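Commentary on secondary and tertiary structure
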Amino acid sequence: MSDTSDYEREREATIARNRELLAQLGLVDASQAIKATKGAKSVAKPVQPRVKKPKEPAMPTRQSTRLRRTPVDPNESPASKRKREREEEQKRREAEEELLAAAEREREAKRPRHNDLDLQALTEEHTPEELSELRSLLAETLKTPHPRQASSDDAFVFDDDVKEDAEVKELKKTMSKLKVVARAKVTKDRIYSAAYHPEPTKDLIFFGDKHGQLGIWDARAPVDDVEDEDGETASVEDGEGGKYYRLQMHWPATSKSSISTVKFDPIDSFSVFTSAYDCTIRNLSLTSGIATEVFATDDILITSIDLPPHGHEMWISDAMGGVTHLDLRAHRSHAKRYELSQQKVGCVSVNPTRPYFLVTASNSRELKVWDTRMLETLSGRSLRSAPNSPSRTPPKGKDSSFLTLPNEVDSEAIEKLLATKRGQSTMRAGWMHNKSVSSAYWDPRGRSIVSTSYDDTIRLWDIRPSWCDKDAVFPSSRPFSQIRHNCQTGKWLTILKAQWTANPDVYPHFTIGNMDHSLDIYSCKGDHIAKLADKTKISAVQAVTCSHPSIVERVVSGNASGRCVLWAPDDL
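This write-up is about the structure you can find in this document. Computed from a predicted model, the values in this text were never measured in an experiment.

Some thoughts on the overall build of the chain
The number of helices and strands found in the chain is 10 helices and 32 strands. With 572 residues in all, the chain has 48% of them scored as buried. When contacts within the chain are restricted to residue pairs at least 6 apart in sequence, those whose partners lie at least 24 apart make up 60%. By element, 50% of the accessible surface of the chain is carried by carbon and sulfur atoms, the whole surface being about 29,700 Å².

What follows is the structure, given as structure tokens:
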């Protein structure tokens with residue numbers, strides 16, 4: 001008993017000494033502070049409403065053929081035996097037919113959908129109430145048409161540096177006010193592309209993800225407190241907000257249907273075009289809610305699309321080194337494909353002020369500027385006249401009636417044109433990068449080009465209007481500015497692409513994601529305008545970016561988990 005008492009006295013003395021030591025160090029309430037920190041909810045936790053998944057029915061237990069057979073009566077007559085064997089054979093055939101039918105249904109589920117799809121078919125996971133909300137939201141955007149705003153090629157071109165410095169200073173002041181005002185998991189998988197709707201009264205952004213899903217985010221819509229996946233409540237005060245809707249635009253819902261580009265109709269913004277790795281391009285009408293297919297290939301992966309301001313035509317780049325011209329007013333069988341490279345063309349951009357000029361970015365490491373007026377003089381070889389061509393025969397199981405077989409202009413014909421004196425100006429400029437060129441875009445003035453490359457460099461070109469007006473190769477193809485920027489995204493992140501703001505009323509600038517979980521904004525001259533970051537709310541690379549076409553203080557970004565961020569002033 002005395003041993004126990006001595007132990008207790010020694011233990012209490014040790015506790016007293018420790019408390020005295022903590023008091024001297026000012027750490028009396030350290031344990032309570034640690035407990036409070038552990039119990040606190042993570043500030044950066046994004047809103048993710050809990051979705052109860054229905055339980056899948058249990059699969060039947062597998063049995064051998066011997067066990068599946070009915071017990072045999074040892075005393076059965078020959079007639080009964082023959083009858084039993086006929087019944088077993090009939091059941092076996094029915095089971096085989098059912099297996100074949102199930103396999104065919106599974107194959108059909110993995111094929112692209114070529115038929116027209118309405119909102120109900122696109123939003124199978126949404127309730128009728130949510131579908132009604134989406135229809136109302138889209139109806140609000142149809143009150144006023146928003147054509148793509150035009151710009152002149154001499155806009156924001158100054159004779160002295162004082163005025164230009166003032167514009168840059170004003171832009172820096174405006175962009176420095178941008179903060180994280182809303183976040184949400186808009187799509188289920190990695191964000192691949194994005195487009196900001198020009199409606200000025202709303203922040204409506206369309207995101208394309210890895211599995212063919214088009215997420216529509218009304219970023220400033222009021223929301224109630226909801227429970228996340230862990231059963232915790234995340235409120236709007238945490239910077240979470242907005243409502244989103246998910247449309248399965250492309251099928252199957254796998255990485256074979258990643259949406260590579262999202263573009264609004266430049267005429268009125270009443271429809272949205274999406275291109276995907278399922279080798280199709282769809283047009284979703286915001287008026288009718290019907291998604292129709294406008295273009296499809298058999299096995300050529302579509303990498304990007306672009307439309308000129310008048311909106312009647314489309315240029316399509318693909319992974320086989322081709323660029324296709326599609327007149328949206330004619331049948332898609334009249335499309336014409338030009339083989340401009342021996343390797344993948346990952347990006348095509350149309351000059352907004354001179355729509356006959358294209359810029360292409362390729363895995364051949366070269367950026368090229370094309371004059372399509374000369375390309376149109378080439379006669380294409382109709383692929384329909386050679387249905388047995390091994391490179392164009394539709395794969396087994398694909399419905400060839402939906403496929404587009406454009407007229408083909410091969411690389412040999414283009415090389416012959418470039419070798420002639422008259423065709424030398426077809427390719428106005430070309431610049432070799434150190435590694436693959438991942439993107440290249442014209443600015444709203446049709447004057448500047450920005451490119452990104454795996455050699456970790458952003459390059460800027462200034463194309464003077466006088467160069468474009470002459471029927472000759474550009475005097476210089478050298479970029480006037482080069483910016484070091486980490487572009488090593490690897491396998492699990494979307495490729496970083498510099499995206500111009502489409503607003504013609506502000507000094508030209510572009511946005512690009514940064515590998516340090518931030519977002520950079522640069523001017524058309526290469527000046528660093530702003531670095532948007534918030535480590536308390538963002539913990540992933542913001543790989544995809546875009547900005548509002550008419551409001552300067554609006555930028556959005558998306559990451560590899562489908563979570564998106566709206567950057568705007570605090571007093572929004």
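Focus on a nonpolar patch on the surface
Side chains of Leu21, Leu22, Leu25 and Leu27 sit close together on the surface and give an oily, nonpolar patch of about 360 Å² of accessible area. Position of leucine 21 among the secondary structure elements: in helix 1 (residues 2-25). By relative accessible area, leucine 21 is classed as partly exposed at 46%.

Focus on the pattern of salt bridges
By the definition in use, this model includes 28 salt bridges. Through salt bridges with shared partners, a single ionic network connects Glu89, Arg92, Arg93 and Glu96.

Section: the environment of lysine 535
Examined against the element boundaries, lysine 535 turns out to sit in the loop between strand 29 (528-532) and strand 30 (544-547). By relative accessible area, which is 80% here, lysine 535 ends up exposed. Taking the C-alpha atoms as reference points, lysine 535 and histidine 517, 18 residues apart in sequence, are found 8.0 Å from one another.

Comments concerning the sheet that holds strand 26 (residues 499-500)
Taking strand neighbours across the sheet as the criterion, the four strands line up as 26-27-28-29 in an open arrangement whose pairing is antiparallel. Sheet topology places strand 26 and strand 29 at the edges, where each strand pairs with a single neighbour. Note: strand 28 (residues 518-523) against strand 29, four bridges, orientation antiparallel. Within the sheet, the bridge partner assigned to tyrosine 522 lies in strand 29 and is histidine 528. Across the face of the sheet, helix 7 (residues 161-175) comes into contact with strand 27 (509-514), strand 28 and strand 29 while running at roughly 5° to strand 29.

Concerning the side chain of arginine 332
Mapped onto the fold, arginine 332 is located in the loop between strand 14 (322-327) and strand 15 (336-339). Reaching out from arginine 332, the side chain makes a polar contact with the side chain of glutamate 293 at a distance of 3.1 Å.

So, the sheet that holds strand 22 (residues 437-442)
Note: strands within a sheet are paired through backbone hydrogen bonds, in either parallel or antiparallel orientation. What the four strands build is an open sheet, ordered 22-23-24-25; its pairing is antiparallel. The open sheet has two edge strands with one neighbour each: strand 22 and strand 25 (481-484). The mean inter-strand angle of the sheet, taken between neighbouring strand axes irrespective of direction, is 15°. When strand 22 meets strand 23 (residues 448-453), the two strands line up antiparallel, connected through five bridges. Counterpart to tyrosine 441 in the pairing with strand 23 is valine 450.

Cut-offs used in this document
- Residue numbers run consecutively from 1 along every chain, following the written order of its sequence.
- This being a predicted model, a pLDDT of at least 70 is required before a residue's local features are given, and a value of 80 or more before pairs of side-chain atoms are given or counted; all residues contribute to the totals for chains, interfaces and linings.
- Here the side-chain values reflect all heavy atoms present in the structure, with hydrogen atoms and water set aside.
- Going along the chain from the N terminus, every DSSP run of H or I of four or more residues is numbered as a helix, and every run of E of two or more is numbered as a strand.
- Exposure categories follow from relative accessible area, calculated using a 1.4 Å probe and restricted to protein chains: below 20% of the type maximum is buried, above 50% is exposed, and the middle band is partly exposed.
- Two residues qualify as a contact provided that any one of their heavy atoms is within 4.5 Å of a heavy atom in the partner residue.
- For every accessible area listed, the method is Shrake-Rupley and the probe measures 1.4 Å; residues are considered covered only by the protein chains on display.
- Only residues whose relative accessible area exceeds 30% and that form no salt bridge are eligible for patches; like-charged ones are grouped when within 9 Å, while nonpolar side chains (Val, Leu, Ile, Met, Phe, Trp, Tyr) are grouped when within 5 Å.
- Take a side-chain nitrogen of Lys or Arg and a carboxyl oxygen of Asp or Glu: if they are within 4 Å of each other, that pair is a salt bridge.
- Pairs of strands are assigned from DSSP output, requiring at least two bridges between the strands.
- Orientation is described by lines fitted to C-alpha atoms, with helices fitted over the stretch in contact, and by angles between N-to-C directions that extend from 0 to 180 degrees.
- We define a polar contact as two N or O atoms separated by no more than 3.5 Å, with the added condition that, inside protein, one atom must be a possible hydrogen donor and the other a possible acceptor, whereas residues neighbouring each other in sequence contribute only through side-chain atom pairs.

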